[in-house]
Amino acid sequence: QKPPKPGSDSLPTLTRLGLTACGTMRCRSSSLTSLVLTASLAFIVLDRSCGFTPASSGLRIFPSQRTAKLPSQLSAIGIKVGIAGAGAVAFGSAARLVENSHDPMIWSPSGAGTNELISGSPLTATGAIQSTLHPRIATTPKQLAEENDVILLALPANGHIAVMNALTPYIRPGQTIIISSHSSLGALYLGQLLAERNVEGVPIVAWGTTAITARRPLGCEVQVCTVRTQVDICTVPASASKDGIDLCKSLFGDVFRQRDGLLAISLSNLNAQNHLAIALCNMSRMERGEAWSQGLNITPNIGRFMEALDDERLAIAAAVGVQVRTVREHFSLSFHTPIASVYEMNQEMVKLGNDVNGPATADNRYVTEDVPFGLTLIVELGRMVGRPAILHEAGIRIVSALYGREFEKENELLRALDLSSQSIQDIVDASESGVLLGKQNR
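Q: Explain the overall build of the protein to me, and be specific about the residues and the numbers.
A: The helix and strand tally for the protein stands at 17 helices and 20 strands. A burial count over the protein gives 55% of its 442 residues as buried. If you take every contact in the protein between residues at least 6 apart in sequence, the share linking residues at least 24 apart comes to 67%. Total accessible area on the protein stands at roughly 18,700 Å², and carbon and sulfur atoms take up 51% of it.

Q: Could you give me a rundown of the pairing of strand S16 (residues 204-207), with the residues and numbers involved?
A: Along S16, one buried face is formed by Ile204 and Ala206 and the opposite face, lined by Val205 and Trp207, is buried too. Two strands pair when backbone bridges link them, and strand S15 (residues 176-179) and S16 are joined in this way by three bridges, in the parallel orientation. Across the sheet, the residue bridging to Ile178 is Val205, located in S16. In this view, the connection linking S15 to its parallel neighbour S16 by way of helix H5 (residues 186-196) has right-handed handedness.

Q: Got a sec to walk through the packing of helix H8 (residues 271-281) against helix H11 (residues 327-335)? Specific residues and values, please.
A: Between H8 and H11, the shortest axis-to-axis distance is 11 Å and the interhelical angle comes to 95°. One finds that H8 runs roughly perpendicular with respect to H11. Across the interface between the two elements, Asn271, Gln273 and Asn274 of H8 pack against Val327, His330 and Phe331 of H11. For the contact of H8 with H11, the per-class residue count stands at two nonpolar, four polar and no charged.

Q: Account for the pattern of salt bridges, with residues named and values stated.
A: Tallying each qualifying case throughout the model produces 17 salt bridges. A salt bridge links Glu393 to Arg397; its shortest N-O distance comes to 3.2 Å. With Glu393 and Arg397 both in helix H15 (residues 390-403) and four residues apart, the pair spans about one turn of that helix. On the basis of relative accessible area, Arg397 is assigned to the exposed category, the value being 58%.

Q: I'd love a proper account of the sheet that holds strand S12 (residues 131-133), names of residues and values included.
A: Reading across from one edge, S12-S11-S18-S17 is the order of the four strands in this open sheet, with mixed pairing throughout. Here the strands that pair on one side only, and so sit at the sheet edges, are S12 and strand S17 (212-215). Between one strand axis and the next, the sheet turns by 30° as a mean value, whatever way the strands run. Of the pairings in the sheet, the one linking S17 to strand S18 (residues 221-227) comprises four bridges and is antiparallel in character. When the bridges of S18 are listed, Arg215 appears paired with Gln223. Helix H1 (residues 88-99) rests against strand S11 (123-127), S12, S17 and S18 of the sheet, and its axis sits at about 125° to S17.

Q: Now, about the environment of Ala264: what can you tell me, with residues and values included?
A: Within the element layout of this structure, Ala264 appears in helix H7 (residues 262-266). Looking at Ala264, the relative accessible area reads 1%, which means it is buried. With 60 residues separating them in the primary sequence, Ala264 and Val324 have C-alpha atoms 6.3 Å apart. If we skip the residues at most four places from it in the chain, Ala264 touches Arg259, Val322, Gln323 and Val324.

Q: Kindly report on helix H12 (residues 342-352), identifying the contributing residues and their values.
A: Among all positions in H12, only Val342, Met345, Asn346, Gln347 and Met349 are buried. Tucked into the core, H12 has its buried residues touching helix H10 (300-320) and H11.

Q: Break down the side chain of Ser184 for me, citing the residues and quoting the values.
A: With respect to the helices and strands, the residue Ser184 is situated in the loop between S15 and H5. When near neighbours in sequence (up to four residues on either side) are disregarded, Ser184 contacts Phe373, Leu377, Asn411, Leu413, Leu414 and Leu417.

Q: Run through the nonpolar core, naming residues and quoting values.
A: Core analysis: the biggest nonpolar cluster contains 80 residues, and Leu167, Leu185 and Leu267 have the highest contact counts within it. The element best represented in this core is helix H14 (residues 370-385), accounting for eight residues. Not counting chain neighbours up to four residues away, the residues in contact with Leu185 comprise Leu262, Leu263, Ser266, Leu377, Leu417, Leu419 and Ile427. Ile79, Ile83, Ala125 and Leu133 belong to the second-largest nonpolar core, a separate cluster that totals 40 residues.

Q: Tell me about the pairing of S18, residues and numbers included.
A: When S11 meets S18, the two strands line up parallel, connected through four bridges. Looking across to S18, one finds that Thr126 is bridged to Gln223. Where S17 folds back on S18, the antiparallel hairpin that results is connected by five residues, among which Gly219 adopts a positive phi of roughly 35°.

Q: Describe in detail the sheet that holds strand S9 (residues 80-84), supporting the description with residues and values.
A: Spatially, eight strands are ordered S13-S10-S9-S14-S15-S16-S19-S20 in an open sheet, and the strand pairing comes out mixed. Of all strands in the sheet, those with a lone pairing partner are strand S13 (136-138) and strand S20 (256-258), marking the two edges. Each neighbouring strand pair of the sheet contributes to a mean axis angle of 25°, computed without reference to strand direction. Pairing geometry for strand S19 (residues 231-236) and S20, over three bridges, is parallel. Bridge assignment links Val231 to a residue of S20, and that residue is Phe256.

Q: Before we move on, can you summarise the packing of H10 against H15 with the specific residues and values?
A: Any two packed helices are characterised by the angle at which their axes cross and by the distance between the axes. Two elements in contact, H10 and H15, have axes whose closest approach is 8 Å; the angle formed by their N-to-C orientations is 120°. In terms of axis orientation, H10 runs oblique to H15. Across the interface between the two elements, Ala308, Leu309, Glu312 and Arg313 of H10 pack against Ile390, Leu391 and His392 of H15. Partitioning the contact of H10 with H15 into residue classes produces four nonpolar, one polar and two charged.

Q: Describe unusual backbone geometry, listing the residues and the values that go with them.
A: Ser181 follows Ser180 through a cis peptide bond whose omega is -5°. Position of Ser181 among the secondary structure elements: in the loop between S15 and H5. Of the consecutive residues Val236 and Pro237, the connecting peptide bond is found in the cis state with omega at 0°. Structurally, the position occupied by Pro237 is in the loop between S19 and helix H6 (241-252). Located in the positive-phi region is Ser101, a residue other than glycine, with phi close to 70°. With respect to the element layout, Ser101 can be found in the loop between H1 and strand S10 (103-107). Residues other than glycine seldom take positive phi values, yet His336 does so here, at roughly 60°.

Each value, and the rule that gives it
- Sequence order as written defines residue numbering, which begins from 1 separately in each chain.
- Per-residue local features are limited, in this predicted model, to residues with pLDDT of at least 70; the limit for side-chain atom pairs, both in listing and counting, is 80 or more; totals at the level of whole chains, interfaces and linings are taken over all residues.
- For side-chain calculations, the full set of non-hydrogen atoms in the structure is used, while hydrogens and water are omitted.
- Each helix is a run of H or I in the DSSP string that is no shorter than four residues. Each strand is a run of E no shorter than two, and both are numbered from the N terminus.
- Each residue gets one of three labels from its accessible area relative to the maximum for its type: buried under 20%, exposed over 50%, partly exposed in between, using a 1.4 Å probe on protein chains only.
- Pairs of residues are marked as contacts when any of their non-hydrogen atoms sit within 4.5 Å.
- Values of accessible area rely on a 1.4 Å probe in the Shrake-Rupley scheme; residue burial ignores everything except the protein chains shown.
- One bridge is not enough; two strands pair if DSSP finds at least two bridges between them.
- Handedness of a crossover is defined as follows: with both strands directed away from the viewer, a clockwise route from the first strand across the helix to the second makes it right-handed.
- Throughout, an axis means a line fitted to C-alpha atoms (over the contacting stretch in the case of helices), and angles, computed between N-to-C directions, take values from 0 to 180 degrees.
- What sets the label is the angle itself: under 35 degrees gives roughly parallel, over 145 gives roughly antiparallel, 65 to 115 gives roughly perpendicular, and the rest give oblique.
- Each residue is assigned to one class: nonpolar for Ala, Val, Leu, Ile, Met, Phe, Trp, Tyr, Cys and Pro, charged for Asp, Glu, Lys and Arg, and polar for all the others, Gly among them.
- Every case where a carboxyl oxygen of Asp or Glu lies within 4 Å of a side-chain nitrogen of Lys or Arg is listed as a salt bridge.
- In these notes, a set of buried Ala, Val, Leu, Ile, Met, Phe, Trp, Tyr and Cys residues joined through side-chain atoms within 4.5 Å is what counts as a nonpolar core.

Written out as structure tokens, the structure is:
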């Protein structure tokens, strides 16, 4: 077939060859140990300069690029990644994938987030990533799962359980699922769903935070604020850890740091505690819809509040026996500033131009996502190990009073996992195996 016209494909360097994968064939040569073609995943490496990737309508060849290792032990360039979510992080992740020569597909669970993309508008990224792309679009969870080899969950934590329930019936052995970012031991809930279907061989990769930070100002535009230089990661089961981190490096770059299990990842996500301090101390700005600088308004007192919240989290992590980064390390690695006080680091971010506006509405993820799905797990773990997170718990109660809601009861993931039936050792073991056993199974 003729090569596609410029701009007709989200990966302009590829050429469609119209080959169809069927059956299994093996051969040997000086540059290729084995060649495996299957209906679900087909790769050919003809020499050191080109390789094929799977496609539903044919194979794709990418000239002048070296191959990257996948968990399946096959070689590939242009991995097909299905992104569940259509917000700023999802759009920014798609731009990052295309920048690294991969092939994203976006699914909006509500259906509203991709309307303009479906109508033909391009996705435009600005800021730390500048590109214009036309990602593939899925209209159902079935299509997203069936047409991709990796699934990336890139949506708010309060949408995780519904999306996991929607995708699980279509997940197949050999796929990899990435949760960006992991919250409330959600990987254990997803693992339970797969176990109930007797689906094995599906590693679940949990990120402590997102690979990029982004804002979505209008329609199909995304402003990528920063590309993180370090992201904590773990894979369950732990035996798949090397494959998991290798895959993520191939997709998003060499920024991933291995952590020991899901508990370490859960306790490494600092967004909830940081956003609590920002939201509580700027509530009137959010309610009035003001345009205000977030970093600039992290004053010395707010900075100390964030550091005190961090001390509680670090004490819980030490009691559990996992190592996690500090809030100062977080700001340094995420926003490229030298380590100092939280206040000083945020002022340096402002000088470097890395500041963003804070939320302009009280109905924002800093509260409605991070309080129930971030803070509640910290509080629960603190109770279990005898290290009460007093400030975290007070924050939940104060925000609940402000909003007239009971945020601690809004975490469906923790309620489904029923941590009250577990010991802390059960959770430590599950964070390595990916299997959480209740009292009835012990």
